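Summary of the model geometry
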Amino acid sequence: MTRISPQFGDEGEGVWSVSSDVSFQSNRFPKYRLGPDNQILEGVKEDKKGPPLKEVVAEEINQLSEQHKRLSVRDLASKFDKNLAAAAKLSEEAKLRESASLEGHVLLKKLRDALECLKGRLAGRNKDDVEKAISMVEALAVKLTQKEGELIQEKFEVKKLVNFLKQASEDAKKLVNQEKSFACAEIESARAVVQRIGEALEEQERNQSSGKQQELEELIEEVQEARRIKLKHQPTKVMDMEHELRELRLQIREKCTISVNLQNELLMMKKVDENIPRLYELNGSETLGSILRIQPCSDKATELAKCSVQWYRLLSQCSRREPILGANKCVYAPEPIDVGRVLQVDIVANGQKMSLTTHGTIAQDVDLGGYVETLLRKPNHDFSVVISQMNGRNYSSRSAHLFHIGKTRIKLSRGWITKARESYSKSMQLCGFRGGGNLAGKSLFWQARKGQSFVLVFESERERNGVLILARKYALDCNVLLAGPDDDALL
């Protein structure tokens, strides 16, 4: 093919210029190539704008059909509105393409006219080249017409989809309004029913208020009358019975005391008659907080270290004896459970048995009652103690510990170290220390659980006895009897 020079024909005459009202989409001529039978083949262009319009529309329709069953009416209406906006956008894009196609037709027509004029001025091989160019332009015009047909069809489908979405959106809005009206009607109906029920209940209450008020007044009068009768008769009978019981108890105690004194006098008289010397006696105050000691009162008495000793509790001088387990030393410190009871000790030496008995019952400490009342005002208390024995063995350290008495548990600790912490239970034991010694009045025995026991020394006898009373009261509130070995029956 011969290359066309920029100047041809008569010298000095140039190529015709293109009209200024033609607009081009790009600043370069599109790339084409000829196929068989001079068919124009357009170069393949990469689609950078995503999938075709038909695929997008089909995908949206499939999604709408799948979600139709599970979307609410309101969601469906909003979805239709979105699709309607998308369809309108597509319609605008189609209009832009139509205008671009119209410009393409104008451009091709002007180019063909220019080539026709050029054809009349050229001859030979250049004229053949111009004819080929004209045929290419005509082929481009045919292809542009085909594209326009496809665009018109696509535009028709888009318009159809827009109309369908508009109709669907209007139907959805109608459904929303209809459902809203139904809901409002049901709400108003429910409100009317509730109002009618409320009015009926108020009317019923007004009708029954007078009868109920009268019944209530009668019931109040009956209750007040019953209380007056109860206050008038019952307290007097109960108080009389309590006074009688107290008088009977006092008489029984006086008679028992007289009987015991007579028995002691008879024994003394018999001993004097038989010239039997008195070997041992009990020393110490017979009150809570003191210590009772067995002391020899004769040179013929056997050393107490070689004697067998056992202490007993008696409800009165004439009652049955209860052995105190572990109390087998010559020293015994009474505890709160011994108050109101008589103490007796048996001494066995060289095969001979001798019994010593307190002159009366163990009396309560005068200051202990007020001290316990002060303790009961608070739910928890801490006492400073020293561990004397742990698990039956002497404890070497004499450092101070805290003995915590709570409403549900007991804890022994030193700083942040906890020695023992147990809730009130049947396996727990708490009583006065029965192993003798000069500190027996300040010591108590605590078995937290089986296999763990302590002997604790308090700062005073009052603290030790107050702890015993306080802990037993809290344990009783938890339905637990807190005492020493085999002392449950005494509580």
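In this text the structure is predicted, and so the values were computed from the model without any measurement. Every chain is numbered on its own, with residues counted from 1 as its sequence reads. Only residues with pLDDT of at least 70 get local features here, since the model is predicted, and only at 80 or more are side-chain atom pairs given and counted; chain-wide, interface and lining totals rely on the full set of residues. The side-chain values count all of the structure's non-hydrogen atoms but skip hydrogen atoms and water molecules.

So, on to the nonpolar core. Residues belong to a common nonpolar core when they are buried Ala, Val, Leu, Ile, Met, Phe, Trp, Tyr or Cys residues joined through side-chain atoms within 4.5 Å. Each residue gets one of three labels from its accessible area relative to the maximum for its type: buried under 20%, exposed over 50%, partly exposed in between, using a 1.4 Å probe on protein chains only. The biggest cluster of nonpolar side chains holds 31 residues, and the ones touching the most others in it are Phe-403, Ile-405, Tyr-424, Trp-446 and Leu-456. Helix and strand definitions follow DSSP, with helices as H or I runs of at least four residues and strands as E runs of at least two, each counted in order from the N terminus. Among the secondary structure elements, those contributing two or more residues to this core are α4 (368-375), β10 (381-390), β12 (400-405), β13 (409-414), β16 (443-449), β17 (452-457) and α5 (461-477). Here this core takes 6 residues from α5, the largest share from any one element. With residues near it in sequence (within four places) discarded, Leu-456 still touches Val-385, Val-386, Ile-387, Phe-403, Leu-412, Lys-442, Ser-443 and Leu-444. Counting residues in hydrophobic clusters, the runner-up holds 19 residues, among them Leu-292, Trp-311, Ala-327 and Val-345. Residues count as neighbours in contact if any of their non-hydrogen atoms are within 4.5 Å of one another.

This brings us to the pattern of salt bridges. Definition used for salt bridges: Asp or Glu carboxyl oxygen within 4 Å of a side-chain nitrogen of Lys or Arg. This structure, assessed with the given rule, holds 9 salt bridges. With a closest N to O distance of 2.9 Å, Arg-321 and Asp-346 form a salt bridge. Here Asp-346 lies in strand β8 (residues 342-349) and Arg-321 lies in strand β6 (residues 321-323), a separation of 25 residues in the sequence. Overall, Arg-321 belongs to the partly exposed group, its relative accessible area being 27%.

Turning our attention to the sheet that holds strand β9 (residues 352-357). Two pairing modes exist for strands in a sheet, parallel and antiparallel, and in both the strands are linked by backbone hydrogen bonds. Ordered by their spatial adjacency, 4 strands build an open sheet running β6-β5-β8-β9, and the pairing between neighbours is antiparallel. Edge positions in the sheet fall to β6 and β9, since each of these pairs with one other strand and no more. When strand polarity is set aside, the average angle formed by the axes of neighbouring strands in this sheet is 30 degrees. In short, DSSP must find at least two bridges between two strands for them to pair. Between N-to-C directions, angles span 0 to 180 degrees; the directions come from axes that are lines fitted to C-alpha atoms, helices contributing only their stretch in contact.

Let us look at the sheet that holds strand β7 (residues 331-332). The strand order across the open sheet formed by 3 strands is β3-β4-β7, and the pairing between neighbours is antiparallel. At either end of the open sheet lies a strand with only one pairing partner, and these are β3 (280-283) and β7. Here 4 bridges tie β3 to strand β4 (residues 292-296), and the two strands are oriented antiparallel to one another. In the strand pairing of β4, Asn-283 is matched with Arg-293.

Values of pLDDT, which run from 0 to 100, indicate the predictor's confidence residue by residue. Looking at the protein, the pLDDT average stands at 77 and 73% of residues meet or exceed 70. In this model residues 1-29 is a low-confidence stretch, pLDDT under 50, and it forms 22 contacts with partners more than four residues away in sequence or in other chains. Below pLDDT 50 for its whole length, residues 44-48 participates in 0 contacts with residues either more than four positions away or in separate chains.

A few words on α4. By the burial criterion, the buried members of α4 are Leu-368, Tyr-371, Val-372 and Leu-375. Seen along its axis, α4 keeps its buried residues to an arc of 100 degrees; they face one direction. Close packing links the buried residues of α4 with β10 and α5. As used here, the arc belongs to the directions running from the helix axis to the C-beta atoms.

Along the chain, Gly-484 turns up in the segment after α5. Aside from chain neighbours lying at most four places away, what touches Gly-484 is Gln-429, Leu-430, Cys-431 and Arg-434.

Stacked, tilted and edge-to-face pairs are distinguished by plane angle, under 30 degrees for stacked and over 60 for edge-to-face with tilted covering the rest, among Phe, Tyr and Trp rings (Trp via its six-membered ring) whose centres lie within 6.5 Å. Under the criterion given, the structure shown has 5 aromatic pairs. Geometrically, the ring pair formed by Phe-403 and Phe-458 is edge-to-face, given 6.1 Å between the ring centres and 80 degrees between the ring planes. Linking Phe-403 in strand β12 with Phe-458 in the loop between β17 and α5, this pair joins segments that are 55 residues apart in sequence. Measuring from ring centre to ring centre gives 5.8 Å for Trp-446 and Phe-454, while their planes differ by 25 degrees; the resulting arrangement is stacked.

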